[in-house]
Amino acid sequence: MELPEVEVMRRDLERDVVGKKIKDAEVKGTKNAMRAIRRHKTRKEFTSRLSGRKIAKVERRGKYLMMTLDSGDVLVVHFGMSGQFQRGTGRVVVAPHTHVVITFQQGGDLRFLDPRTFGELFVAAPDELGKIKELQHLAIDPLDQVFTWPTFQYLLAERAAKMKQLLMDQKFISGLGNIYSDEVLFGAGLRFDRVSDTLTSQEVRRLYRAIQEILQDAIKLRGTTLEDDAYVDLFGKPGEYQHELKVYGRAGLPCRRCRTPIQTVRISQRTSFFCPQCQS
Ligand SMILES: [Zn+2]
């Protein structure tokens, strides 16, 4: 999941589980389930802070979801490579790799699934949150009000990094992964190997606009679901932004803008896609 998918999940949870009271929380009896709640020493230490609590709000910080409970505690969720939430009921079979099931007083449940278990959940008090390293070092969020193009220009000029790596650097900007960074660079007409402190003001503005437009469109179309990545929303539905992708996954196919075949390059062990004509 990249930022749009996490934001779609946040909006679904806001509509669907905020206001609901947790009857019970269960961590499955497997080693992987313990890995999913690895910041807690025991299952009970995790579940006892959820049972009987109402979910008051759901916020997003970078790719972390923060579900505040009426006790003041916060249930923090990071989906990692393959984690996801799924809404279910007692009648729906528990899928393989389900590690946590949160059952609601009003009926229905919320399940956390994660085949590769890089994702995690934990409950923390507000004063404990400040001590969590990963949350302290979150970079600027591209959907945040304070993310303006002059701020962005300043941040880019401070670094002398190649654009593809920089956009994927979670310490620089939150939430862009391999897919959206390729799409953003194409949208801005910039090559993957452009160096950040050499961009002109006009290029920075184009890049800023591309980030906003692409992320907002991807959220509107409920994220990207590729064949090799099983992202689905809270209700099991795939996203639709994959049909809008301009370069990602289109090696050898004609560029949608100029018909030149899309090329690939290996960057940080991943395949990147670009148009040699439209991006310079
Ligand atoms: Zn092109």
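Criteria and thresholds
- Sequence order as written defines the numbering, with residues in each chain counted from 1.
- In keeping with the predicted nature of the model, local features appear solely for residues at pLDDT of at least 70, side-chain atom pairs appear and are counted solely at 80 or more, and the whole-chain, interface and lining totals rest on all residues.
- Excluded from the side-chain calculation are hydrogens and water; included are all heavy atoms of the structure.
- Only Phe, Tyr and Trp rings take part, Trp by its six-membered ring, and two of them pair if their centres are within 6.5 Å. Stacked means planes under 30 degrees apart, edge-to-face means over 60, and tilted covers everything else.
- In DSSP terms, a helix is any run of H or I states spanning at least four residues, a strand is any run of E spanning at least two, and both are numbered starting from the N terminus.
- Any residue under 20% of the maximum accessible area for its type is buried, any over 50% is exposed, and the rest in between are partly exposed; the area is computed with a 1.4 Å probe on protein chains only.
- For the purposes of this section, nonpolar cores are sets of buried Ala, Val, Leu, Ile, Met, Phe, Trp, Tyr and Cys residues that join through side-chain atoms within 4.5 Å.
- For this analysis, residues touch if any pair of their heavy atoms sits within 4.5 Å.
- Here a donor is an N, O or S atom found within 2.8 Å of the metal, or within 3.2 Å if the metal is Na, K or Ca; sites may look incomplete because water is not among the atoms.
- Between 85 and 135 degrees for all angles marks four donors as tetrahedral; over 155 degrees for opposite donors together with 65 to 115 for all other angles marks four donors as square planar and six as octahedral; every other arrangement is irregular.
- Whenever Lys or Arg places a side-chain nitrogen within 4 Å of a carboxyl oxygen from Asp or Glu, that contact is recorded as a salt bridge.
- Strands are labelled as partners when DSSP assigns at least two bridges between them.
- An axis is simply a line fitted to the C-alpha atoms; with a helix, the fit covers only the stretch in contact. Between two such axes, the angle follows the N-to-C directions and lies from 0 to 180 degrees.

**With respect to the packing of aromatic side chains**
Aromatic ring pairs are defined here through the distance separating the ring centres and the angle between the ring planes.
Piece 1. Tallied over the entire structure, the rule returns nine aromatic pairs.
Piece 2. Ring geometry for Y180 and Y241: centres 5.9 Å apart, planes at 40°, overall tilted. Placement of Y180 in helix 8 (residues 178-188) and of Y241 in the loop between helix 9 (201-220) and strand 9 (263-267) is noted, with a sequence separation of 61 residues between them. Both residues of the pair, Y180 and Y241, count as buried.
Piece 3. Among the aromatic side chains, those forming a connected cluster through ring pairs are F147, F152, F172 and Y208.

**Notes on the nonpolar core**
Piece 1. Counting 40 residues, the largest nonpolar core has F152, L156, M163, L167, I173, L207 and I211 as the members making the most contacts within it.
Piece 2. Going through the elements one at a time, helix 6 (149-158), helix 7 (163-168), helix 8, helix 9 and strand 10 (270-274) are the ones with two or more residues in this core.
Piece 3. Looking at which element gives the most residues to this core, the answer is helix 9, with eight residues.
Piece 4. Apart from residues no more than four positions distant in its own chain, L167 is found in contact with F152, I173, L176, S181, V184, L185, L207 and I211.

**A look at the coordination of the zinc ion**
Piece 1. The protein atoms donating to the zinc ion are C255 (SG), C258 (SG), C275 (SG) and C278 (SG), with metal-donor distances spanning 2.2 to 2.4 Å.
Piece 2. Angles of 102 to 113° at the metal separate the four donor atoms of the zinc ion, which places the site in the tetrahedral class.
Piece 3. Sequence positions of the donors to the zinc ion reduce to the motif C-x2-C-x16-C-x2-C. Placement of C258 in the loop between helix 9 and strand 9 and of C275 in the segment after strand 10 is noted, with a sequence separation of 17 residues between them.
Piece 4. You can call C275 buried: its relative accessible area is 0%.

**Quick notes on the pattern of salt bridges**
Piece 1. Across all of its chains, the model carries 21 salt bridges by this definition.
Piece 2. Taking the shortest distance from any N to any O, the salt bridge between D73 and R49 comes out at 3.0 Å. Here R49 lies in the loop between helix 3 (43-47) and strand 2 (55-61) and D73 lies in the loop between strand 3 (64-69) and strand 4 (74-78), a separation of 24 residues in the sequence.
Piece 3. Exposure remark for D73: the relative accessible area of 12% places this residue in the buried category.

**Some thoughts on the sheet that holds strand 5 (residues 84-88)**
Piece 1. An order of 1-6-7-5 is seen for the four strands of this open sheet, with the pairing classed as antiparallel. Among the strands making up the open sheet, the edge pair consists of strand 1 (22-27) and strand 5. Taking each pair of neighbouring strands and ignoring which way they run, the sheet shows an average axis angle of 20°.
Piece 2. Looking at chain direction, strand 6 (residues 98-104) and strand 7 (residues 109-113) are connected through five bridges and run antiparallel. When the sheet's bridge partners are listed, V100 is paired in strand 7 with F112.

**Re the pairing of strand 10**
Piece 1. Bridge count between strand 9 and strand 10: five bridges; the pairing is antiparallel. The residue of strand 10 that forms the bridge with Q263 is F274.
Piece 2. Joining the antiparallel neighbours strand 9 and strand 10 is a turn of two residues, in which S268 adopts a positive phi near 50°.

**A few points about helix 8**
Piece 1. The element helix 8 is largely enclosed, with a buried count of 10 among its 11 residues.
Piece 2. By the burial criterion, the buried members of helix 8 are N178, I179, Y180, S181, D182, E183, V184, L185, F186 and A188.
Piece 3. Count one or two residues on from helix 8 and you reach G189, which has phi positive near 70°.

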